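The residues making up each chain are set out below.
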Amino acid sequence: MIDQGAPPQERGQTVARTPGLGARLMRRKPVEVLVAEGGQGEGGTLRRSLGLWQLTMISIGATLGTGIFVVLGEAVPKAGPAVTLSFVIAGLTALFSALSYAELAGTIPVAGSSYSYAYATMGELIAWVCGWCLVLEYGVSVAAVAVGWGEYLNELLDGTIGVTLPAALSAPPGDGGVFNLPALIVVLLAMAFLLGGARESARANTVMVAVKIAALVLFCAIGVQGLRSGNYEHFMPLGMSGVSAAGATLFFSYIGFDAASTAGEEAKDAQRDLPRAIMLSLVIVTALYVLVAAVAVGAKPWRQFNDSEAALAQIMRDVTGQGFWATLLAACAVIAIASVVLTVLYGQTRILFAMSRDGLVPKVFSRVHPKTGAPRANTVIVSLFCGVLAAAVPLGQLADATSIGTLFAFALVNVAVVVLRRTRPQMNRTFRVPLSPLLPALGFAFCVWMMGSLSTVTWVVFGVWMAVGLVVYFLYGHRRSRLAPPAPSEK
């Protein structure tokens, strides 16, 4: 006779065992589920309205302009004329990762970018770490670029009406100001476009990208007249360490190429167009970066850059001796940098959308407006956060913090593409990384190398950020994940 008070195992009953902590941290979301959920949000769905041209413009819009218009003035003092080599190194690092992004974007065409790729290949904890890095990468870069926008706005105001905003209202604390009002304004303007929907935002971005390319071509045409061969002497004055340090900072300029991957659920033919858009945009951006940097250091001695966020406009003024061309370039830069803010802010909202749908962050971030097909609450929350950050934190600290978050996320993508090749070799892939796993391994190694070139302060900030992220995950995301087993009361 069976003792009714005996444990269920002794009574012959099957007991569902709760997975151990390790198993819960490694739980993966199947690729088929990720793709099937594409576009679905709380109360509505994202709209598939973006073609190859729009996706490419999103990537170029998020990338082109940041390093040249804003961070160049900070990178040149680190590397000297060899800053052109720094751009090449950063571009090669981005290229290896871009190949991995292109394969995964064509295989897993969803909004979460590398967060979703990690979820499908390496498990929830790694996915959370990657997503938390993307929050740092996208959210902080929006703020960093917005800071530089204020510098060019002052150049434009000075050249047109002869006035500039007072330092107290045009620079953050630590840079001689109290509150960077222009930085907040440009983020709010981008928010207004995004609230209208992806298609409307893409149209505005395309116009702004055309303006920024024209501005850089104009700069090269005029700046080449001021080239002095002596400015290229002592090409590498601070050695290879200076080149790599500048490259790590300039890698901030390449983060936008993966913005197209965040549009996976709003692309008309994501599997075909996402890989093409990623690779095409990176090639165009790298070529322009190297060309403009070569002209800039040839037209102005590298020691005279002095960490200026409006370096190109100053070079135009010095070469021509007139304020008109500098003012025109400043006007183009105001538009160009605004497009970076717009597209990177777009990417940030879509990543949080994917994380929210998985239950790792609150549902408000995946709530979609039924008329516009845009995650409105998500957009407003992220925009206000980035705007306040831009108004209160100096540019240099923001750029380096963004670089380390980007490099960490890219390193994980290079691992993810190899893992998915091993675990799901038969999956349909519209693009395949050549010479895999060699090129993904090189991409991973380059990312780690460039992370090692960043300052100790940046590493401390990154460590604190990751510690905060793990606390948030274990207190909220781990328990509320849609892959978490139901509580006993829910069974």
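As shown above, the structure is provided for reference.
Keep in mind that what you see is a predicted model, and the values were worked out from it rather than measured.

Draft legend 1. The arrangement of the overall build of the protein chain in detail. Assigned secondary structure in the protein chain consists of 18 helices and two strands. For a compact globule of 491 residues, the expected C-alpha radius of gyration is about 23 Å, and the protein chain comes in at 24 Å, within 12% of that figure. Overall, the C-alpha framework of the protein chain stretches about 100 × 45 × 40 Å when taken along its three principal axes. The contacts in the protein chain between residues at least 6 apart in sequence include a share of 83% that link residues at least 24 apart.

Draft legend 2. Representation of the packing of helix H5 (residues 83-107) against helix H17 (residues 438-452). Running from N to C, H5 and H17 cross one another at 135 degrees; their axes reach a closest spacing of 8 Å. Between H5 and H17, the angle is such that the two are oblique. You can see that H5 and H17 cross each other, and the crossing is left-handed. Seen from H5, the contacting residues are Ile-89, Ala-90, Thr-93, Phe-96, Ser-97, Leu-99 and Ser-100; seen from H17, they are Leu-439, Pro-440, Leu-442, Gly-443, Phe-446, Cys-447, Trp-449 and Met-450.

Draft legend 3. The side chain of Thr-93, seen in detail. In this structure, Thr-93 sits in helix H5. Look at Thr-93 and you get buried, because its relative accessible area is 0%. In contact with Thr-93, other than residues within four places in its own chain, are Phe-251, Leu-407, Phe-446, Cys-447 and Met-450.

Draft legend 4. Geometry of the packing of aromatic side chains. Applying the stated criterion across every chain, the model contains 15 aromatic pairs. Ring centres of Phe-87 and Tyr-289 lie 5.2 Å apart, and the angle between their planes is 40 degrees; on these two criteria the pair is classed as tilted. A residue pair is termed long-range when its members are at least 10 positions apart, and Phe-87 in helix H5 and Tyr-289 in helix H12 (residues 270-299) qualify at 202 residues. Considered together, Phe-87 and Tyr-289 belong to a single accessibility category, that of buried residues. Centroid distance Phe-408 to Phe-462: 5.5 Å. Interplanar angle 55 degrees. Geometry classified as tilted. Remark: Phe-462 occurs in helix H18 (residues 456-480) and Phe-408 occurs in helix H16 (residues 395-423); sequence separation between them is 54 residues. Owing to a relative accessible area of 25%, Phe-408 belongs among the partly exposed residues under this scheme.

Draft legend 5. Up close: the nonpolar core. If you look at the biggest cluster of nonpolar residues, it comprises 147 residues, and the most contacted ones within it are Leu-72, Val-83, Phe-87, Phe-219 and Leu-312. Top contributing element to this core by residue count: helix H7 (residues 124-160), with 20 residues.

Draft legend 6. Fine view of the side chain of Asn-231. Looking at the secondary structure, you find Asn-231 in the loop between helix H10 (198-223) and helix H11 (239-250). Owing to a relative accessible area of 12%, Asn-231 belongs among the buried residues under this scheme. Contacts of Asn-231, omitting those with residues within four sequence positions, involve Pro-81, Val-297, Gly-298, Ala-299, Lys-300 and Pro-301.

Draft legend 7. Summary view of helix H13 (residues 311-320). Buried residues of H13: Ala-311, Leu-312, Ala-313, Ile-315 and Met-316, and no others. After H13 finishes, the residue Gly-321 shows a positive phi value of roughly 75 degrees.

Draft legend 8. Here's a closer look at the pattern of salt bridges. With the rule as written, the count across this model stands at 12 salt bridges. The residue Arg-424 makes a salt bridge to Glu-32 at a minimum N-O spacing of 2.4 Å. With a gap of 392 residues between them, Arg-424 in the loop between H16 and H17 and Glu-32 in helix H2 (residues 31-36) connect regions that are remote in the sequence. Among the salt bridges present, the one from Glu-103 reaches Arg-429, with a minimum N-O distance of 3.1 Å. Of this pair, Glu-103 sits in helix H5 while Arg-429 sits in the loop between H16 and H17, placing them 326 residues apart in sequence. Several salt bridges converge on common partners, so that one network encompasses Lys-29, Glu-37, Glu-265, Arg-357, Asp-358 and Arg-482.

Draft legend 9. Fine view of the environment of Ala-167. Assignment of secondary structure puts Ala-167 in helix H8 (residues 167-170). Along the primary structure Ala-167 and Val-178 are separated by 11 residues, whereas in three dimensions their C-alpha atoms are 7.8 Å apart. Contact partners of Ala-167, with chain neighbours within four places excluded, come to Gly-176, Gly-177 and Val-178.

Draft legend 10. Highlighting a positive patch on the surface. A cluster of basic side chains, namely Arg-47, Arg-199, Arg-203 and Lys-268, defines a positive patch on the protein surface. Topologically, Lys-268 is positioned in the loop between H11 and H12.

Draft legend 11. Fine view of the environment of Val-295. Looking at the secondary structure, you find Val-295 in helix H12. The class for Val-295 is buried, based on a relative accessible area of 7%. On a C-alpha basis, the gap between Val-295 and Ile-315 in space is 9.8 Å, while along the polypeptide they are 20 residues apart. For Val-295, the contacting residues outside a window of four places in its chain are Phe-219, Cys-220, Gly-223, Val-224, Leu-227 and Tyr-232.

Rules used in this analysis
Residues numbered from 1 in each chain as written. Predicted model: local features only at pLDDT ≥ 70, side-chain atom pairs only at ≥ 80, totals over all residues. Heavy atoms only, no water. Helix = DSSP H or I, 4+ residues; strand = E, 2+ residues; numbered from the N terminus. Rg over C-alpha atoms; globule rule 2.2 N^0.38 Å. Contact = heavy atoms within 4.5 Å. Axes fitted to C-alpha atoms, helices over the stretch in contact; angles between N-to-C directions. Parallel < 35°, antiparallel > 145°, perpendicular 65-115°, else oblique. Left-handed = near helix turned anticlockwise from the far one by under 90°. Buried < 20%, exposed > 50% of the residue type's maximum accessible area, 1.4 Å probe, protein only. Phe/Tyr/Trp six-rings, centres within 6.5 Å; stacked < 30°, edge-to-face > 60°. Core = buried A, V, L, I, M, F, W, Y, C linked by side-chain atoms within 4.5 Å. Salt bridge = Lys/Arg side-chain N within 4 Å of Asp/Glu carboxyl O. Patch = residues over 30% accessible without salt bridge, like charges linked within 9 Å, V, L, I, M, F, W, Y side chains within 5 Å. Areas by Shrake-Rupley, 256 points an atom, 1.4 Å probe, with all protein chains shown as cover. Lys, Arg positive; Asp, Glu negative; His and termini not counted. Charge placed at Lys NZ, Arg CZ, Asp CG, Glu CD.

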